[in-house]
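Below are the chains, spelled out letter by letter.
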Amino acid sequence: MGTVLAFMQNKNEVELGELLLSLNYLPSAGRLNVDVIRAKQLLQTDVSQGSDPFVKIQLVHGLKLVKTKKTSFLRGTIDPFYNESFSFKVPQEELENASLVFTVFGHNMKTSNDFIGRIVIGQYSSGPSESNHWRRMLNTHRTAVEQWHSLRSRAECDRVSPASLEVT
């Protein structure tokens, strides 16, 4: 399966799935709140049992990985509902240098987890949709801003976002 994905780098050739996220910044507390709401139509990584997807959220300041958090993994689905909230300490003066890297993996007990897709939101956003979500959040402090994102390949994120290169 990995060789098929490596061969199909163009986003239009392989759909990796979508991720619904909500972002909210509280300037007085210096907290960046992230809700991983759900994903849909994720690329199935285990044909025999379905995927057991989870999302890894990594805060990158400039080009330094600061914090990693993960959702639980949900068994045998390509349309998981997470509704999980995470909070990162980000002082207001550091917000412009922050990036959030969201990577969806299929949980795998036998080998390393299977990469499904990634997006980066923040200073080093991986595309216009991600940049737009970040801008909307910055312009509406204390209000949750929700948006769907199409997942991208690791190669695409690494090519356009230096923050993607800093995480695993």
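Here the structure is a predicted model, which means the values were calculated and not measured.

## Topic: the pattern of salt bridges
Here the structure, examined in full by the defined rule, presents 4 salt bridges. The residue E130 makes a salt bridge to R152 at a minimum N-O spacing of 2.7 Å. One end of the pair, E130, is in helix 2 (residues 128-139); the other, R152, is in the loop between strand 8 (145-150) and helix 3 (154-160), with 22 residues separating them in the sequence. Three or more residues joined by partner-sharing salt bridges are found here, namely E130, R152 and E156.

## Details of the sheet that holds strand 6 (residues 98-106)
The strand order across the open sheet formed by 4 strands is 4-3-6-7, and the pairing between neighbours is antiparallel. Each edge of the sheet is formed by a strand with only one pairing partner; in this case those strands are strand 4 (64-70) and strand 7 (114-122). Within this sheet the neighbouring strands show an average axis-to-axis angle of 20 degrees, counted without direction.

## Considerations on the pairing of strand 2 (residues 31-40)
Pairing analysis gives 9 bridges linking strand 1 (residues 18-26) to strand 2, with the strands arranged antiparallel. Residue pairing in the sheet places S22 in a bridge with D35 of strand 2. Counting the residues in the hairpin turn of strand 1 and strand 2 gives 4 residues, including G30, whose phi is positive at 65 degrees. Strand direction decides the pairing type here: strand 2 and strand 5 (residues 81-89), joined by 7 bridges, are antiparallel. From the neighbouring strand, D35 faces strand 5, where its bridge partner is S85.

Thresholds, definitions, all that
- Residues numbered from 1 in each chain as written.
- Predicted model: local features only at pLDDT ≥ 70, side-chain atom pairs only at ≥ 80, totals over all residues.
- Heavy atoms only, no water.
- Salt bridge = Lys/Arg side-chain N within 4 Å of Asp/Glu carboxyl O.
- Helix = DSSP H or I, 4+ residues; strand = E, 2+ residues; numbered from the N terminus.
- Pairing = 2+ DSSP bridges.
- Axes fitted to C-alpha atoms, helices over the stretch in contact; angles between N-to-C directions.

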